[in-house]
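What follows is the residue order along each chain.
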Amino acid sequence: MILTIDTKPFDDQKPGTSGLRKKVPHFQQPHYVENFIQSIFDSLDGYEGKTLVVGGDGRYYNREAIQKVIKIAAANGFGRLLVGRGGLISTPAVSCIIRGRQAFGGIILSASHNPGGPDGDFGVKYNIGAGGPAPEKITDAIFARSKAIARYKISDAPDVELDRLGVTRVENTDVEIVDPVADYKALMKTLFDFEAIEDLFASGFKMRFDAMHAVTGPYAHAILEDELGAARGTVVNGTPLPDFGGHHPDPNLTYAKDLYDLMMSPEAPNFGAASDGDGDRNLILGRGIFITPSDSLAMLAANAKHAPGYAKGLAGIARSMPTSAAADRVAAHLGIKCYETPTGWKFFGNLLDAGLATLCGEESSGTGSNHVREKDGLWAVLLWLNILAKRRISVADLAREHWATYGRNYYTRHDYEELDLGAANGLMDALRSQFATLPGTAFGAHKVSAADDFAYHDPVDGSDTEKQGVRIMFEGGSRIVYRLSGTGTVGATLRVYIERYEPPAGNLGQDAQAALADFIQLSRSIAEIEKRTGRTAPSVIT
Ligand code: G1P
Ligand code: ZN
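Overview of the structure. Every chain's residues receive numbers from 1 upward, in the order its sequence appears when written. Both sets of labels track the order of writing: A upward for chains, 1 upward for ligands. Given that the model is predicted, a residue must reach a pLDDT of at least 70 before its local features are reported, and side-chain atom pairs must reach 80 or more before they are shown or counted; all residues, however, enter totals for whole chains, interfaces and linings. With hydrogens and water set aside, each side-chain value is computed from the structure's full complement of heavy atoms.

What to know about the sheet that holds strand E9 (residues 173-178)
Move 1: Two strands are said to pair when DSSP picks up at least two bridges between them. Only runs of H or I of at least four residues qualify as helices and only runs of E of at least two qualify as strands under DSSP, and these elements are numbered from the N terminus. Spatially, E2-E6-E5-E3-E4-E9-E8 is the arrangement adopted by the seven strands of the open sheet, whose pairing is mixed. Each end of this open sheet is capped by a strand with a single partner; those strands are strand E2 (20-23) and strand E8 (166-170). Adjacent strand axes in the sheet meet at a mean angle of 20° when their direction is disregarded.
Move 2: In this sheet, strand E6 (residues 121-127) lies alongside strand E5 (residues 105-109) in antiparallel orientation, the contact comprising four bridges. Looking at the pairing, Gly106 lines up with Asn127 of E6.
Move 3: Along the sheet, helix H2 (residues 32-42) makes contact with E2, strand E3 (51-56), E5 and E6, crossing E6 at roughly 15°.
Move 4: We call two residues in contact whenever any of their non-hydrogen atoms come within 4.5 Å of each other. Angular values range over 0 to 180 degrees, each being the angle between N-to-C directions of two axes fitted as lines to C-alpha atoms, with helices fitted over their stretch in contact. Across the sheet, helix H4 (residues 91-100) lies against E3, strand E4 (80-88), E5 and E6, angled at about 165° from E5, the strand it touches most.

What to know about the site of ligand 1
Move 1: In the vicinity of ligand 1 lie 14 residues, with Glu362, Ser364, Ser485, Thr487 and Arg495 positioned nearest.
Move 2: Whenever a nitrogen or oxygen atom comes within 3.5 Å of another N or O atom, the pair is scored as a polar contact, on the condition that within protein one atom can donate a hydrogen and the other can accept it, and that pairs from neighbouring residues in sequence are kept only if both atoms are in side chains. Between Lys375 and ligand 1, the recorded distance is 2.8 Å, taken from a side-chain N or O atom to an oxygen atom.
Move 3: Of the grid points, spaced at 1 Å and generated over the protein atoms alone, those admitting a 1.4 Å probe that cannot get out make up cavities, while open sets with protein on both sides within 12 Å along at least five of seven lines make up pockets; any residue with an atom within 4 Å of a point is treated as lining. Whether a molecule lies in a cavity or pocket depends on its atoms, and more than half of them have to be within 2 Å of the grid points. One can see that ligand 1 is located within the second largest pocket.
Move 4: Here the shell around ligand 1 is built from residues that sort into no nonpolar, seven polar and seven charged. Distances are taken per atom, and a residue is near a molecule or strand as soon as one of its heavy atoms is within 4 Å of it. When residues are sorted by character, Ala, Val, Leu, Ile, Met, Phe, Trp, Tyr, Cys and Pro go into the nonpolar class, Asp, Glu, Lys and Arg into the charged class, and all the rest, Gly among them, into the polar class.

Some details on the layout of surface pockets
Move 1: Grid points are joined across faces, edges and corners, and a volume is the space filled by probe spheres set on the points. Size it by volume and the largest pocket reaches roughly 1,000 Å³.
Move 2: Contributing to the lining of the largest pocket are 36 residues, with Gly16, Thr17, Leu484, Ser485 and Gly486 lying nearest its centre.
Move 3: Those elements that place two or more of their residues in the lining of the largest pocket are E2, helix H5 (136-146), helix H15 (421-432), strand E25 (479-484) and strand E26 (492-502).
Move 4: For the lining of the largest pocket, the residue count by class is nine nonpolar, 16 polar and eleven charged.
Move 5: Considering only enclosed or pocket space, the second largest pocket measures out at about 700 Å³ in volume.
Move 6: Lining the second largest pocket are 45 residues; nearest its centre among them are Arg21, His113, Asn114, Thr487 and Arg495.
Move 7: Considering every element that reaches the lining of the second largest pocket, the biggest residue donor is strand E19 (residues 408-419), with four residues.
Move 8: Partitioning the lining of the second largest pocket into residue classes produces seven nonpolar, 19 polar and 19 charged.

A short note on the nonpolar core
Move 1: Grouped together as the largest cluster of nonpolar side chains are 77 residues, with contacts concentrated most on Phe192, Phe271 and Leu385.
Move 2: Looking at this core, the element that brings in the most residues is helix H13 (residues 377-391), giving eleven residues.
Move 3: Leave out the neighbours within four places in its chain, and Phe192 touches Ile197, Ala307, Pro308, Tyr310, Trp379, Leu382, Leu383 and Asn386.
Move 4: Grouping buried Ala, Val, Leu, Ile, Met, Phe, Trp, Tyr and Cys residues that are joined through side-chain atoms within 4.5 Å yields what is termed a nonpolar core. Categorising residues by exposure relies on relative accessible area from a 1.4 Å probe, with only protein chains included: less than 20% of the type maximum marks a residue as buried, more than 50% marks it as exposed, and the intermediate range marks it as partly exposed. Core analysis: the second largest hydrophobic core is formed by 42 residues, Ile72, Tyr126, Ile154 and Val175 among them.

Details of the coordination of the zinc ion (ligand 2)
Between any two of four tetrahedral donors, the ideal angle at the metal is 109.5 degrees; between two of six octahedral donors, it is 90 or 180 degrees.
Move 1: Only Ser112 (OG), Asp276 (OD), Asp278 (OD) and Asp280 (OD) from the protein coordinate the zinc ion (ligand 2), and they sit 2.0 to 2.1 Å from it.
Move 2: For the zinc ion (ligand 2), the four donor atoms in the first shell make angles of 87 to 160° at the metal, a pattern classed as irregular.
Move 3: Summarised as a motif, the one-chain spacing of the donors to the zinc ion (ligand 2) is S-x163-D-x1-D-x1-D. With Ser112 in the loop between E5 and E6 and Asp280 in the loop between strand E12 (271-275) and strand E13 (282-286), the pair connects residues that are 168 residues apart, well separated along the chain. Of the two residues, Ser112 and Asp280, neither departs from the other in class, the shared state being buried. Donor atoms (N, O, S) are those found within 2.8 Å of the metal centre, with the cutoff raised to 3.2 Å for Na, K and Ca; water is not part of the atom list, so apparent gaps in a site can occur. For a four-donor site, all angles between 85 and 135 degrees give tetrahedral; for four or six donors, opposite pairs above 155 degrees with the remaining angles between 65 and 115 give square planar or octahedral; all remaining cases count as irregular.

Overview of the side chain of Ser110
Move 1: Residue position: Ser110 is located in the loop between E5 and E6.
Move 2: A polar side-chain atom of Ser110 sits 2.6 Å from the main-chain amide nitrogen of Ser112.
Move 3: In contact with Ser110, not counting residues within four places along its chain, are Arg21, Asp57, Arg59, Phe122, Gly123, Val124 and Asp278.

As structure tokens, then:
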């Protein structure tokens, strides 16, 4: 039976950079999930009888929330739900299934790389029929609806068995439990030269993939080990756990330290990689070398032609504003455009749909292409493998060759987490108040050429998005960018992005923190970070 339940609005259901994220206990409040899901459906038109994809990253509360989504979606008249077995589907695979099966949209239960468990984070995100995150027009409508909602519809049917493939009927809706890996694996086979990668592994090439006890475990086992013949044991931490084994499922040098240490040791395999909670981020390491995500985007773009899916060339490249300009140099070389967008994958959707960009990337370990409308961790790993298989070159040599051709954009990001919100906003306002005076000011050898707040005009739908990060640009192409995170759940997180360009003939082999030391100091003094936040050092450096 379909029940109509009276409810009261919550005032804090505003989707951030990537959906609604809160602590688990917050989501566990009575009606909290229900209100938000109903607000999503109330903001959409014409889904009756259509298909909705539902999956999550397996974190704590995933199963409970999926049952609620199933019952509310059925009560609201969806025709079919495609739910990942065990409640699991990686974010890029949700996008793949939405597109491949022409679904109306999808709901992803994930807080990405944020920690999980009873006191960890949880999240809900809506993706549209093109497969990507809902654009702001829709997320704004969802938020507006959530502030006015008075009732939701829900079926009182029993819970659906999530662990067995097959179809159950809930009200008038077919709920199909699907294999979360199959469609995705099939798509990867159309893009990459699986035979060449198999030959690479057969030749003794060794790899470690750290799934961080998150959603990519089943994907990596199936594709890397079962399909491509990588040795058993290549995939570590391959079983998804509700609390990610107590770790922070973010594939960076802080949280994937074991992998990093291995790759820097004499026992290092040829290639190391990791992915995050929901499988959209990636970490790429070679023997003795970390490839920054910004460099990875540039290197993949320069070598994409080695993969069958990209052999015809790239239409364009897109990167988020804080991502380094390394990809711009490759685009210039290829004679294609490089688009600069605000932070967040949703801004790439229009460019991909319009065929203006083929590859996209963000400095925050996100790389992807027009094959889906999300960033895709395992895809990036497979593209790297495809390139290494075809070129038979080490990761370090490929990087050196790249820098010798294009120059090197030394890059780092310093995060100051869990700051007082007022202090963080004050810091940003104070930076904005310096826009008039900074240009022309010299800090030692470094002269500011411009300072502004990044604003984006979408060339496809004409929309404008303002205040997307404070940029301080220096003569010679160096830059410091400041923005506040839109995904954190505690206080404010200040992200400081620091970049300096070294031409091909310059000193290309330095440690990034050393190469950027001047600008790191400047990033602290210009923003008065210590005075305003009490912090003398960042919490995370990537
Ligand atoms: C962060 C990253 C951003 C990414 C987002 C979702 O957002 O910086 O690039 O798209 O997570 O994975 P932020 O917390 O900075 O708003
Ligand atoms: Zn993620």
